[in-house]
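Examination of the molecular architecture
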Amino acid sequence: MRADNSRRHGLAISRVRPAHGKLESLGLSKLAEGVYRLLLTGQDLDVEAIAGQMRANPGQIRQALDQLADLALLRPSWEAPGAMRAVNPEAGLQMLLQRRQAELLRQQQSIVESQAAITALVSQYADLRPGDGHPVAERLIGLDAIRSRIEALAARARIEVATLMPGGPQDPAMIEAAKPLDQQVRERGVAIRTVGLDCIRRDGPTLAFAYWLVGIGAQVRTVPSLPARMIIYDRRTALVPLDPADTRAGAVQLDGPGTVSVVLALFEQIWSTATPIGSSPVRDGDGLSPQERQLLRLLAEGMTDEGAGRQLGLAPRTVRRIMADVMGRLGARSRFEAGLRASERGWL
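Residues numbered from 1 in each chain as written. Predicted model: local features only at pLDDT ≥ 70, side-chain atom pairs only at ≥ 80, totals over all residues. Heavy atoms only, no water.

1. With respect to the overall build of the protein chain
Helices and strands together make up the secondary structure of the protein chain, namely twelve helices and eleven strands. Put simply, the protein chain has 348 residues, and 46% of those count as buried. (Helix = DSSP H or I, 4+ residues; strand = E, 2+ residues; numbered from the N terminus. Buried < 20%, exposed > 50% of the residue type's maximum accessible area, 1.4 Å probe, protein only.)

Structural data, given as structure tokens:
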């Protein structure tokens, strides 16, 4: 559509209330949103009249009308051939929300692909052996084999041990087994950096373990979600699971510089955005915690409460409790309405 001085016909429905500019996440500029709201009042306006009310020049209004047409928020009028009508926001904005959710899903998919690249590298090079006879990657099957290798690598560490610790609350038995190794590592002056899930801040034993680590000089941070368990020794050797969804299936020790650099880069990216233990995760300008925002994203992408909870280390009832709180802040009576309002406010 190329708007000129054609008459505009809107639907006689109530105005939508959120403040101007809150639909930018759906692809509307502030001016286009203002024009859309004006047309929804049902007034019969041409470009000049709209420009006068919006305090903009006609050229800017035509661009805004073009944008609305491109987003399918303006459609040909059935009553006045050649004119346009504003689409009911319940239908038009829902379509834009679905489009935005698809874009977010593609962004999330790029992260998933980065994580999958690690698994692909592990699979590709697991049996590769260079000329010196040392394996680039070695499979470890069984918890005993994995535990023995962790003990050996920890004993040889001289610079740093960096760990991603997903899964939420940790098994108390595993915590007690890890303490002597961590203590020995720190006594040799080796740095320890560990990233867990935000949910461990509400689990007494795991939180106590985190503070114990800090007490011996380690650094501990948390994030809303983690891709997989991994341990990196001296920035040269990494242990990653054969199957991120089932760490009991086995692990792979990576020693090749190329593969380890990929794992290390992922760790550093996550570390840079994590919140130190002892500090509360900072709520953003919308009043959302990182965990709440990540939960909204996962649910908007179509995950169930159970699936989102597994990724965040939360029980389904906790997911429902958090969503009930978010819905209360949004004034929404349903998940659908919460998604629409969250998108209007730019929360997604």
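Continuing now.
2. Quick look at the packing of helix α2 (residues 47-54) against helix α3 (residues 58-70)
Between α2 and α3, whose axes approach to 9 Å, the crossing angle comes to 105°. One element, α2, and the other, α3, form an angle in the roughly perpendicular class. Of α3, the residues touching α2 (which contributes Val 47, Glu 48, Ile 50, Ala 51 and Met 54) are Pro 58, Ile 61, Arg 62 and Leu 65. Taken together, the residues that form the contact of α2 with α3 break down as seven nonpolar, no polar and two charged. (Axes fitted to C-alpha atoms, helices over the stretch in contact; angles between N-to-C directions. Parallel < 35°, antiparallel > 145°, perpendicular 65-115°, else oblique. Contact = heavy atoms within 4.5 Å. Nonpolar A, V, L, I, M, F, W, Y, C, P; charged D, E, K, R; others polar.)

3. What about the pattern of salt bridges?
Applying the stated criterion across every chain, the model contains ten salt bridges. With a closest N to O distance of 2.6 Å, Arg 37 and Glu 33 form a salt bridge. Taken together, the residues Arg 37 and Glu 33, both in helix α1 (residues 30-39) and four residues apart, mark about one turn of the helix. Residue classification places Glu 33 among the buried positions, given a relative accessible area of 0%. Here the residues in one salt-bridge network are Glu 160, Arg 193, Arg 235 and Glu 268, joined through shared partners. (Salt bridge = Lys/Arg side-chain N within 4 Å of Asp/Glu carboxyl O.)

4. Structural notes on the confidence of the model for the protein chain
Close inspection of predicted coordinates is inappropriate in any region flagged by low pLDDT. Per-chain confidence: the protein chain averages 77 in pLDDT, with 79% of residues scoring 70 or above. Scored below 50 in pLDDT, residues 1-19 makes 62 contacts in the model with residues more than four places away or belonging to other chains. Predicted confidence for residues 126-134 stays below pLDDT 50, and this span has eleven contacts to residues more than four positions away or in other chains. (pLDDT = per-residue confidence, 0-100.)

5. A short note on the packing of aromatic side chains
Summed over the entire model, instances satisfying the criterion amount to two aromatic pairs. An angle of 15° between the planes, with centres 6.1 Å apart, marks the rings of Phe 209 and Trp 212 as stacked. Within this pair, Phe 209 and its partner Trp 212 are both found in helix α7 (residues 204-215), separated by three residues, close to a single helical turn. You can call Trp 212 partly exposed: its relative accessible area is 23%. With a centroid separation of 5.9 Å and 20° between ring planes, the pair formed by Phe 267 and Trp 271 is classed as stacked. (Phe/Tyr/Trp six-rings, centres within 6.5 Å; stacked < 30°, edge-to-face > 60°.)

6. Here's the deal with the sheet that holds strand β7 (residues 219-223)
The strand order across the open sheet built from eight strands is β4-β10-β9-β8-β5-β6-β7-β11, with neighbouring strands paired in mixed fashion. Edge positions in the sheet fall to β4 (137-140) and β11 (275-276), since each of these pairs with one other strand and no more. Sheet topology note: the β4/strand β10 (residues 251-254) ladder contains four bridges and is antiparallel. When the sheet's bridge partners are listed, Glu 138 is paired in β10 with Gln 253. Packed onto the sheet, helix α8 (residues 257-273) meets β5 (160-165), β6 (191-197), β7, β8 (230-233), β9 (237-241), β10 and β11 and runs at close to 70° relative to β6. (Pairing = 2+ DSSP bridges.)

7. Some details on helix α11 (residues 316-330)
Structural remark: α-helix, 3.6 residues per turn; residues separated by three or four positions point the same way. Taking 1.5 Å per residue, 15 residues should reach 21 Å; α11 reaches 21 Å between its end C-alpha atoms and fits that length. Three or more residues of α11 are buried, namely Thr 318, Val 319, Ile 322, Met 323, Val 326, Met 327 and Leu 330. Against α9 (290-300), α10 (305-312) and α12 (335-344) lie the buried residues of α11. Phi turns positive, to about 70°, at Gly 331, one or two residues after α11. (Expected span 1.5 Å × (residues − 1).)

8. Describing the nonpolar core
Val 195, Leu 254 and Leu 295 are the most contacted members of the largest nonpolar core, which has 40 residues in total. It is α8 that provides the largest number of residues to this core, a total of seven residues. Those residues in contact with Val 195, other than ones at most four positions away along the chain, are Thr 163, Leu 164, Met 165, Arg 221, Thr 222, Val 223, Leu 226, Phe 267, Ile 270, Trp 271 and Ala 274. By size, the runner-up hydrophobic cluster in this structure holds 27 residues, among which are Leu 38, Leu 45, Ile 50 and Leu 97. (Core = buried A, V, L, I, M, F, W, Y, C linked by side-chain atoms within 4.5 Å.)

9. Remarks on the environment of Glu 160
When you line up the elements, Glu 160 lands in strand β5. Glu 160 sits 25 residues away from Val 185 along the chain, and the two C-alpha atoms are 8.8 Å apart. Residue contacts for Glu 160: discarding those within four places in its chain leaves Val 190, Ala 191, Arg 193, Ile 232, Tyr 233, Asp 234 and Arg 235. Only 2.6 Å separates the side chain of Glu 160 from the side chain of Arg 193, close enough to count as a polar contact. (Polar contact = N/O pair within 3.5 Å; in protein donor to acceptor, adjacent residues only side chain to side chain.)

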